[in-house]
Amino acid sequence: MRHLSATSRGAALLGALAIGLAACGAGPATSPSGSGAAAPTDAGTATGGTVRIASGGSPDSLNPGNGLLSESYDLYELVYDTPIGMTADGEYVPELATSWEVSDDGLTWTLQIVDDATFHDGTPLTSEDIAYTLELYRDTADFPYMPSYPDVFTEIEAPSPTELVLTTEEPVGNFESRMLFMYVLPKHIWEAQEDPIAFENEEMIGSGPFKLTAYEQGTSIELAANTDYWNGRPNVDELIFQTIENSDARVSALTNGDVDMITEFPATAVTALRNADNVEVYVADGTSGSLSDIIFNVVDPADCPTDAGGVCTGHPALRDVAVRQALSHATNKQELVDVALLGLGSPGLGLVPPGLGDWYASEVQDYAYDVDAANALLDDAGYEDTNGDGVRECLADQECPTGDLTFRFMYPTDSDTGARESEMIGDMWAEVGVKITVQGLDPDTLTSVCCPTFDYDVIRWGWGSDPDPAFLLGVALCDEISTGFSETGYCNPDFDALYAAQGVETDHDARVDQIHEMQQILMDDVPYIIPYYDQVTQAYRSDTFTGWQLGERSPGLQDVGSLAVIRPVE
């Protein structure tokens, strides 16, 4: 899912250094947040207060089925509960499900559900609500992300208020990870809606530790502590998320004391923030990881999803793998890390970040930064610069809009580094006879031209990863071209076959091998270039609230793991 920052897509609020298939049955008790967060640090006994958090973007939907951007999922994590949680160390733990076990044949999962959870309107939460939620997410094909989690369950039953039974046709290799983002909805509210896609969910009734009290798109979100939360009320009274698009203004708001925490800021501000009174800068590896990506529009015109609004105007030269491989050789990833991030990241490789442990295919060989190799590839493929203007011409059988290798290059305007990175990439690619015309778009507009519209050539954006690699690798499936989940239009039957195989593989080592082979295929075919993996870089005031969860790995301080346990400074 598109997560972690407004510059990225994806569902990666929780994650792990190394994710294995968790043993069936209950894990250790959850933290007071109910999210499987790290145990709270000793922050005293004071309670109350309003926490103000500033970010560069805002949620794109209050409806968990429709959400695309990271700010939406930050909100869902605070307002809703899920059946299973995860610690920052990557261990699956109980949340609404107190335990879970699978039958001997691997086809039936039985979950025991807490008996004291209630929704924000006072209605008891039972297994029927969870069953209804899973069925709704599974059966609403137009939800962009949610159907891919419960799609394996052929039967979803609630034989009693505290028991849920899920049946599959084949064994499932990643059951727990499929439960992590199943935000449980109140059946009594949602079943009355004729169209779950159109439902704006303005009251946003959940069962989580915070409840929505006010929302103004693009301006602010106000949440109040759920004083009746079944797993222990938060220590603070209120959260206010403010949208401040200008990064300098966000930094000033923190140093001036107008806000208590900022979720994103340019690397150039790190030194100033570290020198500011009562301000702490927090830098950590993401628990699952986030990544920057350069997205190529490679959709075959024959696969253009016209019924879903596809126009498929991508530059035909980008459907030539030699061009994409050459651009990979022409991209200096280390320079992007050093200049754009000031070293707060690492060069990227593929869609599976290193934070996912042994799912990460470190043995896959990247395209080394080599301008000569890039030029040789383009020369051998027949792309020449016959008029000497510095831009190579298209091949004779390619109907290029400008007749040459000039690509539309887009990035999200809420990215603090987007403009600088685009400029740098343009300079790099110019060395091999490729020109880009750069355009910044707000995230909603960028989403609309992306997929399934495919009205672009190249996009620089990013993903946040789930703790299991299946989600992000799913963006490369042929079937996802028409759904809007595929952003490249890439289609390879061999990749699809491996994806299907890993989904039913319960042997961890065998599944790791399949996941690695899929990453090699994507490296060979280059529907993406992954410039770098980000670090979590945030800042907070030390004189207002204390107890922020500061580990070497982090889902972010805006996560419920911190916000439910921090306390006012006494």
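For the structure, see preceding data.
What you see is a predicted model; the values in this text were computed from it and never measured. (Residues numbered from 1 in each chain as written. Predicted model: local features only at pLDDT ≥ 70, side-chain atom pairs only at ≥ 80, totals over all residues. Heavy atoms only, no water.)

Caption draft 1: How the structure looks around the pairing of strand E5 (residues 108-113). The pairing of strand E4 (residues 97-102) with E5 spans 5 bridges and is classified as antiparallel. Within the sheet, the bridge partner assigned to Trp100 lies in E5 and is Leu111. With 5 bridges connecting them, E5 and strand E7 (residues 163-168) associate as antiparallel partners. Within E7, the residue paired with Leu111 across the bridge is Leu164. (Pairing = 2+ DSSP bridges. Helix = DSSP H or I, 4+ residues; strand = E, 2+ residues; numbered from the N terminus.)

Caption draft 2: The packing of aromatic side chains, seen in detail. Across all of its chains, the model carries 22 aromatic pairs by this definition. Ring centres 5.0 Å apart and planes at 75° place the aromatic pair Tyr73 and Tyr76 in the edge-to-face group. One end of the pair, Tyr73, and the other, Tyr76, are both in helix H1 (residues 70-79), 3 residues apart, so they sit about a helical turn from each other. Tyr76 matches Tyr73 in its accessibility class, with the two residues each being buried. The interplanar angle of 75° and the centroid separation of 6.2 Å between the aromatic rings of Trp463 and Phe471 together place this pair among those described as edge-to-face. A single burial state applies to Trp463 and to Phe471, both of which are buried. (Phe/Tyr/Trp six-rings, centres within 6.5 Å; stacked < 30°, edge-to-face > 60°. Buried < 20%, exposed > 50% of the residue type's maximum accessible area, 1.4 Å probe, protein only.)

Caption draft 3: Summary view of the sheet that holds strand E6 (residues 153-160). Read from one edge to the other, the open sheet built from 4 strands follows the order E4-E5-E7-E6, with strand pairing classed as antiparallel. In this open sheet, the two strands that pair with only one neighbour each are E4 and E6. On average, each strand axis in the sheet is tilted by 15° relative to the strand beside it, whichever way the strands run. Of the strands in this sheet, E5, E6 and E7 are in contact with helix H2 (residues 127-139), which crosses E6 at around 165°. (Axes fitted to C-alpha atoms, helices over the stretch in contact; angles between N-to-C directions. Contact = heavy atoms within 4.5 Å.)

Caption draft 4: Focus on the packing of helix H8 (residues 333-340) against helix H10 (residues 418-430). Interaxial distance between H8 and H10 falls to 11 Å at its minimum, and their mutual angle equals 145°. When you trace H8 past H10, the crossing you get is right-handed. From H8, Glu335, Leu336, Val339 and Ala340 reach across to H10, where they touch Arg420, Glu421, Met424, Ile425 and Met428. Residue classes in the contact of H8 with H10 are distributed as 6 nonpolar, no polar and 3 charged. (Left-handed = near helix turned anticlockwise from the far one by under 90°. Nonpolar A, V, L, I, M, F, W, Y, C, P; charged D, E, K, R; others polar.)

Caption draft 5: Structural context of the pairing of strand E18 (residues 528-541). The element E18 is extensively covered by neighbouring structure, given that 12 of its 14 residues are classed as buried. Sheet topology note: the strand E11 (residues 261-262)/E18 ladder contains 2 bridges and is antiparallel. Bridge pairing in E18 links Ile262 to Ala539. Pairing of strand E12 (residues 279-286) with E18, which is carried by 7 bridges, proceeds in the antiparallel orientation. Opposite Glu280, over in E18, you have Tyr540 as the bridge partner.

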